[in-house]
Amino acid sequence: MDSVATEKTISAFLLKIGESLESTWGITCVATEDNVDVLLSGFAFRLKILQDRGLNLLKRQFVGNQVKQVSFADKTFFFPKSTF
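These figures come from a predicted structure and were not determined experimentally.

**Focus on the sheet that holds strand E3 (residues 43-47)**
Alright, step 1. Taken in spatial order, the three strands of this open sheet run E1-E2-E3, and their pairing is antiparallel. Looking at the sheet topology across the chains shown, the edges are occupied by strand E1 (28-31) and E3. Direction aside, the axes of adjacent strands within the sheet are offset by 20° on average.
Alright, step 2. Of the strands in this sheet, E1, strand E2 (36-40) and E3 are in contact with helix H1 (residues 3-25), which crosses E1 at around 165°.

Below, the structure written as structure tokens:
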């Protein structure tokens, strides 16, 4: 499976999670292609799908001491501090 197909599958799953939380439980959600923000009892939670294939794709974007086109959150989760 290529990276575009993986991203689209994850995006569809996140959108479905947000839809399901709203319709089943009445929870306010903001679903995007990258994450689902859940608003509940004055708190906000961000749901994000991380998977091994995505980690490998992110590592391929790591060149020298620079990471190209990777969000701060992904850098925090996937790359040790010594690489920054």
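**Looking at the pattern of salt bridges**
Alright, step 1. Throughout the structure, instances matching the rule amount to two salt bridges.
Alright, step 2. Two residues, Glu19 and Lys16, come together in a salt bridge whose shortest N-O distance is 3.1 Å. Taken together, the positions of Glu19 and Lys16, both in helix H1 and three residues apart, correspond to about one turn of that helix.
Alright, step 3. Residue classification places Lys16 among the partly exposed residues on the basis of a relative accessible area of 49%.
Alright, step 4. Taking the shortest distance from any N to any O, the salt bridge between Asp37 and Arg46 comes out at 2.7 Å.

**Observations concerning the pairing of E3**
Alright, step 1. In terms of residue burial, E3 counts as a barely covered element, since only zero of its five residues are buried.
Alright, step 2. By the bridge criterion, five bridges tie E2 to E3 in an arrangement that is antiparallel. By the bridge assignment for E3, Leu40 is matched with Phe43.
Alright, step 3. What sits between E2 and E3 in their antiparallel hairpin is a turn of two residues, with Ser41 showing a positive phi close to 55°.

Parameters at a glance
All residue numbers here refer to positions counted from 1 along the written sequence of the relevant chain. In view of the model being predicted, local features appear only for residues whose pLDDT reaches at least 70, and side-chain atom pairs are presented and counted only at 80 or more, with totals across whole chains, interfaces and linings using the full set of residues. Only heavy atoms go into the side-chain values, all of them from the structure, while hydrogens and water stay out. A strand pair is defined by DSSP finding two or more bridges across the two strands. Each helix is a run of DSSP H or I of at least 4 residues and each strand a run of E of at least 2, with the numbering of both proceeding from the N terminus. For helices, the fitted line uses only the C-alpha atoms of the stretch in contact; every axis is such a line through C-alpha atoms, and the angle between N-to-C directions lies from 0 to 180 degrees. Working rule for contacts: check all heavy atoms of both residues, and any pair within 4.5 Å makes them a contact. Criterion for a salt bridge: a side-chain nitrogen of Lys or Arg within 4 Å of a carboxyl oxygen of Asp or Glu. Classification of residues uses two cut-offs on accessible area relative to the type maximum, computed with a 1.4 Å probe and protein chains only: under 20% is buried, over 50% is exposed, and between them is partly exposed.

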